[in-house]
Amino acid sequence: MPFADLNPLEWTLYGGIETIAGLILIALLLVFISGPARRKIRWVVLFLAIHVVLLAVRVPFPDDSALPEVLRFLAHFLLLSSLGLGVFLLLTSSRLSRSFLPALPQIFLDIGHSLVYAIAFLIALGSSGVKPTELFAGSALLTAVVGLSLRDTLGNLFAGLAIQAQRPFEIGDWIQFNKETTQIGQVVEINWRATKVVTQDKVEIIVPNGLLAQAPIINYSRPTTTTRRTVYVHVPYEIPPLRVKEIIKAALTDTPGVLTDPSPSINTSGFDDRGVQLCVRFFINDFSKRGRLESAVRDRIWYALVRHDIDIPIPPRAVHVSKAGRGAVSRREEKRVAQQERALGYIDFFDHLPDAIRRRLAGRAQTRLYAENEVIVHQGEKGEELFILLSGEVAVTVAQPGEDPVELSRLKKGNFFGEMAALTGEPRTATVRATRECELLAIGKAALAEVFESSPELAEHVSQTIARRQANLNALLSEHAPSHPQVVAEHSHRLLQRIKEFFSI
Ligand code: CMP
């Protein structure tokens, strides 16, 4: 029955029944909807409340005045909107619907909401005795005005639907939609009008769907999340590029976040006034960390080049004054030796070493700098160097096939490692990684032989440490109790003999 035909009593009665239905619906919504969707229930409540107020306002008016008609229409529209929205929320956002329907994209929810209001409007209009078809068909001008003003909105709406259908990107994907690399962002929402992306600067950009439909979109999360990054580095002309490439490749192998498969590649990309330009390409899995990983790769390259005495060429515009000739080179070498000798003085390990031997050792040893997290020796590899920590800290870990590495020990300034392989010729027994930036003194076999010869008690000290560490390792690997001190002492003695033979002392 059209609402216009109801008398005030019937109208109030009908209103009462519908209001009760609305209240039941709200109760259901409160029970079945939780989380952020719950906020939408307030619209259902608000519409119903205004509907009730309008019913009350309507009663004192005589039937023939124009106001009640408008109030009736409004009250009816709000009631229908409240009920429609409530049912829509139950169907799309409640725990019940989640169990048999997949979560709908935001754009469909937005369109659904708009449809609820449009249908409520048309029904309320019909109930007031106005035929909606006449209203729109009657005015070509109105249609033209509405059509023109909605052109962009409809364009965005259909572009949004096309994005949903074709899925060139999804929520969570990293996309670039224009040439500005500062406008690369992660998609956080696709609604009926626009797509929201959040850039690395934590800034939200709202891109109209119509614009996205026309722009070439670069999706960094498709077809897989693996993406390639590139950094450039200059190296001096004097060093063969193939040698530098090997050094850089080794430096990248352990950089956390850099994939080993596909493996990094290093190409010579040019020769210019700074030197040989190398293009270092590597793959990552987490696009959001690209800046940090590129920086980590540059850091690793720097540390590796410094360790190998390779200078990164400075731009020619810088004035670099240096005294050429052998004098300058030998002075630099003297400075290096003096620095290393001073560093050795801080290490208890060399306390009993005669000054002359310590100075010779300082000349033969090499200072090496390692970045945080860099692996210094790998378990299983061959190695002939013993390392003494001048600063920083390292973690010693051992891994058995198929198992996670276990940390054995942390070593600090003055401690040494790498002696097991260097003094016995066996492969490295553990992996040693810098836990923060470390400065190390690397001592090769020849320099060690000289040290042991002049200070036999040092060989004894080292053999005791090896025996202790090996006992520790054996206990861990075989899950037995640590060996008896007597057994360790005997092993240490055998090791000392071996070291003496190895170095012909
Ligand atoms: P090397 O085997 O040459 O290389 C790995 C190094 O880790 C090893 O020498 C020792 O210096 C060190 N290492 C092995 N086991 C232990 C341990 N239990 N405690 C401390 N350091 C160890």
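Just so it is clear, the structure is predicted and the values come from calculations on it, not from any experiment.

**Concerning the overall build of the protein chain**
So, step 1. A count of helical and extended segments in the protein chain gives 17 helices and 16 strands.
So, step 2. Burial status across the protein chain gives 39% buried among its 505 residues.
So, step 3. Taking the intrachain contacts of the protein chain between residues at least 6 apart in sequence as the baseline, contacts between residues at least 24 apart amount to 71%.
So, step 4. Carbon together with sulfur atoms contributes 59% to the accessible area of the protein chain, which is approximately 28,300 Å² in total.

**Quick notes on the sheet that holds strand 15 (residues 431-434)**
So, step 1. The strand order across the open sheet built from four strands is 10-15-12-13, with neighbouring strands paired in antiparallel fashion. Each edge of the open sheet carries a strand with a single partner, namely strand 10 (375-377) and strand 13 (406-411). When the angles between neighbouring strand axes are averaged without regard to direction, this sheet yields 30°.
So, step 2. Note that strand 12 (residues 394-398) and strand 15 share four bridges and pair antiparallel.

**Describing the layout of surface pockets**
So, step 1. In this structure, the second largest pocket encloses a volume near 460 Å³.
So, step 2. Lining the second largest pocket are 23 residues, and of these R307, H308, Y370, V375 and I376 sit closest to its centre.
So, step 3. At the level of elements, helix 10 (241-253), helix 11 (290-307), strand 9 (366-370) and strand 10 are the ones that each hand at least two residues to the lining of the second largest pocket.
So, step 4. Looking at the lining of the second largest pocket residue by residue, the class counts come to nine nonpolar, four polar and 10 charged.
So, step 5. Both of domain 3 (227-307) and domain 4 (344-503) provide at least three residues apiece to the lining of the second largest pocket.

**Focus: the pairing of strand 12**
So, step 1. Most of strand 12 is tucked away: four of the five residues are buried.
So, step 2. Sheet analysis places strand 12 next to strand 13, joined by five bridges and oriented antiparallel. What sits directly across from A395, in strand 13, is R410.

**Observations regarding the sheet that holds strand 6 (residues 227-235)**
So, step 1. Sheet architecture is open: three strands sit in the order 6-8-7, paired in antiparallel fashion. The open sheet has two edge strands, strand 6 and strand 7 (265-272), and neither has a second partner. Neighbouring strand axes in the sheet, compared pairwise and without regard to direction, differ in orientation by 25° on average.
So, step 2. The pairing of strand 6 with strand 8 (residues 275-284) spans nine bridges and is antiparallel. Opposite H234, over in strand 8, you have Q277 as the bridge partner.
So, step 3. Those strands touched by helix 11 are strand 6 and strand 8, and its axis lies near 35° from that of strand 6.

**Section: the environment of V394**
So, step 1. If you trace the backbone, V394 turns up in strand 12.
So, step 2. When the C-alpha atoms of V394 and E372 are compared, they prove to be 9.2 Å apart, with 22 residues separating the residues in sequence.
So, step 3. Excluding its chain neighbours within four sequence positions, the residues that come into contact with V394 are I376, L389, S409, R410, L411, F417, V432, R433, A434, T435 and C438.

**Some thoughts on the pattern of salt bridges**
So, step 1. This model, assessed by the stated rule, comprises 17 salt bridges.
So, step 2. Here E374 and R307 are joined by a salt bridge, their closest N and O atoms 2.9 Å apart. Here E374 is found in the loop between strand 9 and strand 10, whereas its partner R307 is found in helix 11, with 67 residues between them in sequence.
So, step 3. The exposure class of R307 is buried, given its relative accessible area of 15%.
So, step 4. For R368, the salt bridge is made with E385, and the minimal N-O distance between the two is 2.8 Å. One end of the pair, R368, is in strand 9; the other, E385, is in the loop between strand 10 and strand 11 (386-391), with 17 residues separating them in the sequence.

**A closer look at the packing of helix 10 against helix 11**
So, step 1. Interaxial distance between helix 10 and helix 11 falls to 9 Å at its minimum, and their mutual angle equals 130°. Judged on the interaxial angle alone, helix 11 and helix 10 are oblique. Where helix 10 crosses over helix 11, the two elements pack in a sense that is right-handed. Of the residues in helix 11, those touching helix 10 at V244, I247, I248, A251 and L252 are V297, R300, I301, A304 and L305.
So, step 2. Residues belonging to the contact of helix 10 with helix 11 are distributed by class as follows: nine nonpolar, no polar and one charged.

**Focus: the packing of aromatic side chains**
So, step 1. For the structure shown, the criterion picks out 10 aromatic pairs.
So, step 2. Over the ring of F416 we find R469, and its NZ or CZ is 5.2 Å from the ring centre.

**A few points about empty space enclosed by the protein**
So, step 1. Counted according to the given criterion, the structure contains one cavity of 30 Å³ or more.
So, step 2. Every residue lining the largest cavity is listed: L91, T92, S97, R98, L101, P102, A103 and L104.
So, step 3. Of all elements in the fold, only helix 3 (66-93) and helix 4 (95-100) reach the threshold of two or more residues within the lining of the largest cavity.
So, step 4. When grouped by side-chain class, the residues that make up the lining of the largest cavity number five nonpolar, two polar and one charged.

Parameters at a glance
- Residues numbered from 1 in each chain as written.
- Predicted model: local features only at pLDDT ≥ 70, side-chain atom pairs only at ≥ 80, totals over all residues.
- Heavy atoms only, no water.
- Helix = DSSP H or I, 4+ residues; strand = E, 2+ residues; numbered from the N terminus.
- Buried < 20%, exposed > 50% of the residue type's maximum accessible area, 1.4 Å probe, protein only.
- Contact = heavy atoms within 4.5 Å.
- Areas by Shrake-Rupley, 256 points an atom, 1.4 Å probe, with all protein chains shown as cover.
- Pairing = 2+ DSSP bridges.
- Axes fitted to C-alpha atoms, helices over the stretch in contact; angles between N-to-C directions.
- 1 Å grid on protein atoms, 1.4 Å probe; cavity = no way out; pocket = protein on both sides within 12 Å on 5 of 7 lines; lining within 4 Å.
- Points joined across faces, edges and corners; volume = space filled by probe spheres on them.
- Nonpolar A, V, L, I, M, F, W, Y, C, P; charged D, E, K, R; others polar.
- Domains from an automatic or database assignment.
- Salt bridge = Lys/Arg side-chain N within 4 Å of Asp/Glu carboxyl O.
- Parallel < 35°, antiparallel > 145°, perpendicular 65-115°, else oblique.
- Left-handed = near helix turned anticlockwise from the far one by under 90°.
- Phe/Tyr/Trp six-rings, centres within 6.5 Å; stacked < 30°, edge-to-face > 60°.
- Lys NZ or Arg CZ within 6 Å of the ring centre and 35° of its normal.

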